[in-house]
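Observations on the three-dimensional arrangement
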Amino acid sequence: MSTGGPASTDGSERRTSRRTILISIGAVLVLVAAAIVVVVTTRPASPAGGGILPSVSAGADTSAAKLHGWGDPDRVDEFTGPLDSSWDVYDGPGHNGNGRRSPDAAKVEDGVLTITGDTDGATGGLAWVPGQMYGRWEARVRAPVGDPTYNALLLLWPDAEDWPVGGEVDFMELTDASRQTAEYFIHYGENNQQEKDEVAVDATQWHNWAVEWTPTAVVAYLDGVEWHRTTDLEKLPPRPMHLTIQLDWFPEGQAPASKESSMQVDWVKQYPLQGS
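Given the structure is predicted, the values throughout are model-derived calculations rather than measurements.

Helix and strand content of the protein: 2 helices and 17 strands. Considering only residue pairs separated by 6 or more positions, the protein has 67% of its internal contacts joining residues 24 or more positions apart. When the accessible surface of the protein is totalled, it reaches about 14400 Å², and 55% of it is carbon and sulfur.

Relative to the helices and strands, Asp-248 resides in strand S16 (residues 241-249). Polar side-chain contacts of Asp-248 include one of 2.9 Å to the side chain of Gln-246. Leave out the neighbours within four places in its chain, and Asp-248 touches His-95, Arg-101, Thr-149, Tyr-150, Asn-151 and Leu-153.

Side chains carrying opposite charge are able to pair once their charged atoms draw close together. Following the criterion strictly, the structure yields 8 salt bridges and no others. In this structure, Lys-66 and Asp-61 form a salt bridge, with 2.7 Å as the shortest nitrogen-oxygen distance. Across the pair, Asp-61 and Lys-66 agree in class, each one exposed. With a shortest N-O distance of 2.9 Å, Asp-248 and Arg-101 are connected by a salt bridge. Placement of the pair is Asp-248 in strand S16 and Arg-101 in strand S4 (residues 100-101), with a sequence separation of 147 residues. Arg-101 carries the same exposure label as Asp-248, and that label is buried.

Time to look at the packing of aromatic side chains. What the rule picks out here adds up to 7 aromatic pairs. Measuring from centroid to centroid gives 6.2 Å for Trp-157 and Trp-163, while their planes differ by 10 degrees, and the two rings are stacked. Among the residues examined, Trp-163 registers a relative accessible area of 36% and is labelled partly exposed. Considering the side-chain rings of Tyr-184 and Trp-227, the 6.2 Å spacing of their centres and the 85 degrees angle between planes classify their relative orientation as edge-to-face. Of the two residues, Tyr-184 sits in strand S11 (residues 181-188) while Trp-227 sits in strand S15 (residues 225-230), which places them 43 residues apart along the sequence. When sorted by exposure, Tyr-184 lands in the same class as Trp-227, which is buried.

The biggest cluster of nonpolar side chains holds 42 residues, and the ones touching the most others in it are Trp-209, Ile-245, Met-263 and Val-268. When residues in this core are grouped by element, the largest group, 5 residues, is from S16. Look past the residues within four positions of Ile-245 in its chain and what remains in contact with it is Trp-87, Leu-113, Ile-115, Gly-125, Leu-126, Leu-153, Leu-154, Met-263, Val-265 and Val-268. Ala-65, Ala-210, Ala-217 and Tyr-221 belong to the second-largest nonpolar core, a separate cluster that totals 8 residues.

Take the environment of Arg-239 next. Secondary-structure assignment places Arg-239 in the loop between S15 and S16. Taking relative accessible area as the criterion, Arg-239 reaches 34% and is therefore assigned partly exposed. Between the alpha carbons of Arg-239 and Asp-162 there is a distance of 9.7 Å; along the sequence they are 77 residues apart. Leaving out residues up to four positions away in the same chain, Arg-239 has contacts with Met-133, Asp-162, Val-165, Gly-166 and Trp-213. Within the local environment of Arg-239, its side chain forms a polar contact with the side chain of Asp-162, the two groups lying 2.5 Å apart.

Scoring rules and cut-offs
- Residues numbered from 1 in each chain as written.
- Predicted model: local features only at pLDDT ≥ 70, side-chain atom pairs only at ≥ 80, totals over all residues.
- Heavy atoms only, no water.
- Helix = DSSP H or I, 4+ residues; strand = E, 2+ residues; numbered from the N terminus.
- Contact = heavy atoms within 4.5 Å.
- Areas by Shrake-Rupley, 256 points an atom, 1.4 Å probe, with all protein chains shown as cover.
- Polar contact = N/O pair within 3.5 Å; in protein donor to acceptor, adjacent residues only side chain to side chain.
- Salt bridge = Lys/Arg side-chain N within 4 Å of Asp/Glu carboxyl O.
- Buried < 20%, exposed > 50% of the residue type's maximum accessible area, 1.4 Å probe, protein only.
- Phe/Tyr/Trp six-rings, centres within 6.5 Å; stacked < 30°, edge-to-face > 60°.
- Core = buried A, V, L, I, M, F, W, Y, C linked by side-chain atoms within 4.5 Å.

None of the figures reported here should be taken as evidence of function without further support.
Put into C-alpha cells, the structure is as follows:
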C-alpha cells in the first residue's frame, strides 16, 4: 500500500520525458535493424566454401572461355599480390644461351605482371606449374612497341622438360617489333618440326589470347575468335603441358638491343578439359 501523497507535477513531467526518450531510442534501433537487414539481404552471395565473389576480369566479354562455354577455371591469377609458389620464376641463361633470365625482370604492380628486357639481354620468364594433360589456358596481354631483338610469348611447355619430342605450343609469339602481328608455332618430333601461322593484331593494346588442347586438336583464339587449328595427331603434344610467359632475347643476326622492351599480363586462367 502506498503511503505517499499524490504524485507531484514535476514527477509526472519527468516520467513523460523518460517515456519520450525511450520511444525515440526504440525508433532509432528499429531503423538501424532495418538498415542491417537491407545490407545483408542485398549483398552478393558468396561462392561455395565462403569468401567474397571475385570481380569480373577485364575483357571477360571477349574471352574464349565465355564465348565457348568453358565453365569455371580451376586456376586463376589476377596478379593482385606477390607471385605465389605455383610460379617457377626463371633464374639462369636466356633463350638458346643468349643473355640471362633474372627474377628481377618480372614484377607485379597495380594488378599487372610486367616482364622487362634491357639492352644487355637481361630479361625474364616464368612457368605456371604443374601442368595438365589436355585443357585450356587464357591470358590477357599487351606489349608496347619493342626492340627487334625481343619476342613476347605465351606458350605451352612439356612438364617432362623433354623438348622437342615433348612438344611446344606457342599460341602468341610477338616477333614484330611494332607488335602489329602475332605468330603461332607448334613444335613436334625429334627434329623440331614446326607448323606456323600469323594473325594481324595491334598487340600494343589489351587482348585475350587462348589455347585449347584436346585429344584431337590444338586451337588458338584471339579475343574469343578461333584463328588457327592443328588437327594432325602426330603434331599434338604427347604428355602434360604447362603455361609459360616469356620475353625472350634473340640477338642472332641483329644489331644490339637499343632500348628496353616489355610485356604486360593482366590475368591468366587455366581450365580443365571436361572428361579428360
